Each structure stands twice: as C-alpha cells, then as structure tokens.
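Each chain, written out:
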Amino acid sequence: MDTKNKIYIYPLIIWLFFEIVGVSLWLAVDNPFYLLNFSYIGTTIALGLFLYAQKYRYARRVVQLLVGTYMLVYLGLICRENMQIEGFWYYLFLGVFEATVIHYAVAKIFGPLIFGRGWCGYACWTAMVLDLLPYKTPGKPRKRLGWIRYIIFTLSLIFVLLLFQFQTGNLEKIMFQAFIIGNILYYTIGIILAFTLKDNRAFCKYLCPITVLLKPMSYFALIRIRADKSKCISCGICEKVCPMEVDVTDNSRKRTNGTDCILCLECVKGCPTGAISL
C-alpha cells in the first residue's frame, strides 16, 4: 500500500478500535456511557489524523485540546474520577473493572500494542499543556534520569496500599483530592523541568509513572514510524525535530528511544525526501 493511501487507513483503524471497545463495554455492562466516551475519543483522534493528512498544521494540537480537556475537566473534575495512576490502583484493589481501570487497559496497557504511545502524543492532559512551552525540541543532551519514574510508580502503589491496609475512610474523597494535588504537582514540576532542561517533554522522559506501563507494550506496536532507506539522504532532520529523541532512521524495534515515540509525526513533516512514514 502506498504512503498516500496508508495515511487515510490509520484514522479508520483507530476509529474502529475505539468503536469496538465502546460497543463491547456498552453491551457487557449495559452502560451507554462507554459507547459515547470511546466514540468521542476515537472520532476525535481519527479526525486529527485525517486533518494531518490534509496538511493542517495544528491537527495534533486540536486532538490534544479536545481529548485532554475532556478527560481532565469532564471525567476528572466534574465526574470526580481519579484518572492518574493512583486511581488505577484504587479501582484495581476494589476489584472493580470500570472507570480508570478500563481507561488504563485501553489507553495504556493493551491499546499500545496497536498505537504505541499515541496516548502521550494525542490525549495526555499533562503533555497538552507542556507542549505549549517554547522547547519543542530538546535544547540539552538527554539525561540518564529515567529511573525516577519507577520510584514514582512504586510510591503511588504504596500510597494506595496503605490506604487499604489502614482501612482509611472516605477513600473516594481522598482519591479525588489526590487527583487534584497530583495534577498540580505534575504541571508545576513539568514546567520547571521544561525550562531547566530546555525540553518540553522532560517530564515524560524522566518522571511520568505511566510510562512504566506504556514503554514495554509500545515495543510491539503495530502502528509505528518507519524509514525508507532508499529515500533517506542522512540529513538528520528527522532526529533534530523529534521531541523524544528517537533514532527514527533505524527500523529495528530496538532502536534508540524507540519506545518513547509518541507518533507526533514531526519527523514525517520534516523529512525533505518523504523517506519517513507510518
């Protein structure tokens, strides 16, 4: 399949994936919210990819705003669902397969087998804000700080475990408060890191605990960036514009920072010979 046709096939694949999830959950738990929820997210992402194919400059930004704001404001603040990692542990320990557990299963555990870390590029409400900062591409060499994410991941697990261990009351209220405080901390630290390291995505690379789940699953992603070696002129533009410092020209799944690719498509837009594609 040629590149022109492929760029239109991927929006359809994404839309079908979310529709299948939405319909399946609607029928399984008899709750039409899941159909509306996943239809909205899938349609919005598919629309963004379609707009990208039409060379609309802000296609991904539009998706980030529409999906990220929906999840932060409506699901998080209005519906009072903790969509952070603590909320995942909370519902998991309750033995309830709904809300945040479903979100994590679809977007961050099984979904990445299809679209990799597309969540980070198109739906994350933290990155939605951080991507507005001035350091679109790293201004300093990458640091060896990725180990910090595992500490944060573990601390979030311990935090929720202790709440259950001591049979703390008002857990739902505590989870909502944790969501508010967590987001304030994420935004504050993310912005400070971005300006300190001159890298909008520094928080994603070093601190975000969700990547502990995303990275190993993204290794096997069906949708991924590929380079046509016959067209490549080794100009290095693709790597210069990559916010996650991925070795784009290496098609191996073991390529440098390969599981950090957020499918932002900056490398595709920047390539002067059309050698980079999905």
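Data block above holds the structure.
Residues numbered from 1 in each chain as written. Predicted model: local features only at pLDDT ≥ 70, side-chain atom pairs only at ≥ 80, totals over all residues. Heavy atoms only, no water.

> Please clarify how the overall build of the protein should be interpreted in this entry.
Secondary structure assignment for the protein yields 14 helices and two strands. Taken against the 2.2 N^0.38 rule, which gives 19 Å for 278 residues, the C-alpha radius of gyration of the protein at 19 Å falls within 12% of a compact globule. On the principal axes, the C-alpha backbone points of the protein span a range of 60 × 45 × 30 Å. Counting all 278 residues of the protein, 50% fall into the buried class. Look at the contacts in the protein between residues 6 or more apart in sequence, and 73% of them connect residues 24 or more apart. Total accessible area computed for the protein in this model is approximately 13700 Å², and 67% of it derives from carbon and sulfur atoms. (Helix = DSSP H or I, 4+ residues; strand = E, 2+ residues; numbered from the N terminus. Rg over C-alpha atoms; globule rule 2.2 N^0.38 Å. Buried < 20%, exposed > 50% of the residue type's maximum accessible area, 1.4 Å probe, protein only. Contact = heavy atoms within 4.5 Å. Areas by Shrake-Rupley, 256 points an atom, 1.4 Å probe, with all protein chains shown as cover.)

> Just to check I follow, could you spell out the packing of helix α4 (residues 85-94) against helix α5 (residues 100-109) for this structure?
In a packed pair of helices, the relevant descriptors are the angle between the two axes and the axis-to-axis distance. Look at α4 against α5: their axes get within 8 Å of each other, and the N-to-C directions meet at 120 degrees. Taken together, the axes of α4 and α5 lie oblique to each other. Every pair of crossing elements has a handedness; the one defined by α4 and α5 is left-handed. Every residue of α5 that contacts α4 at I85, G87, F88, Y91 and L92 is listed here: T100, V101, Y104 and I109. Among the residues making up the contact of α4 with α5, the classes are represented as seven nonpolar, two polar and no charged. (Axes fitted to C-alpha atoms, helices over the stretch in contact; angles between N-to-C directions. Parallel < 35°, antiparallel > 145°, perpendicular 65-115°, else oblique. Left-handed = near helix turned anticlockwise from the far one by under 90°. Nonpolar A, V, L, I, M, F, W, Y, C, P; charged D, E, K, R; others polar.)

> I would appreciate a short explanation of the nonpolar core in the present structure.
The nonpolar side chains of soluble globular proteins are, as a tendency, buried together. Counting residues in each nonpolar core, the largest one holds 83 residues, and the members touching the most others are F18, W119, W125 and I225. Non-local contacts of W125, meaning those with residues more than four positions away in its chain, are made with G68, M71, L72, M83, Q84, W119, F179, N183 and Y187. (Core = buried A, V, L, I, M, F, W, Y, C linked by side-chain atoms within 4.5 Å.)

> I keep staring at a nonpolar patch on the surface and nothing clicks. Help me out?
A cluster of nonpolar side chains, W147, Y150, I151, L155, I158, L162 and F166, forms an exposed patch at the surface whose accessible area comes to about 750 Å². Mapped onto the secondary structure, W147 falls in the loop between α8 (125-130) and α9 (148-165). (Patch = residues over 30% accessible without salt bridge, like charges linked within 9 Å, V, L, I, M, F, W, Y side chains within 5 Å. Salt bridge = Lys/Arg side-chain N within 4 Å of Asp/Glu carboxyl O.)

> Which parts of the structure should I look at to understand helix α2 (residues 32-53)?
Side chains that are three or four residues apart share a direction in an α-helix, a result of its 3.6 residues per turn. Given a rise of 1.5 Å per residue, 22 residues ought to cover 32 Å, and the 31 Å separating the end C-alpha atoms of α2 matches this to within 8%. Backbone nitrogen of F33 and a side-chain oxygen of the N-cap are separated by 3.0 Å at the start of α2; the cap is N31. Just downstream of α2 lies K55, where phi reads positive at about 65 degrees. (Expected span 1.5 Å × (residues − 1). Polar contact = N/O pair within 3.5 Å; in protein donor to acceptor, adjacent residues only side chain to side chain.)

> Please clarify how the environment of N257 should be interpreted in this entry.
Looking at where N257 falls in the secondary structure, it is placed in the loop between α13 (237-241) and α14 (266-270). Separated by 13 residues in sequence, N257 and M244 have C-alpha atoms that sit 7.4 Å apart.

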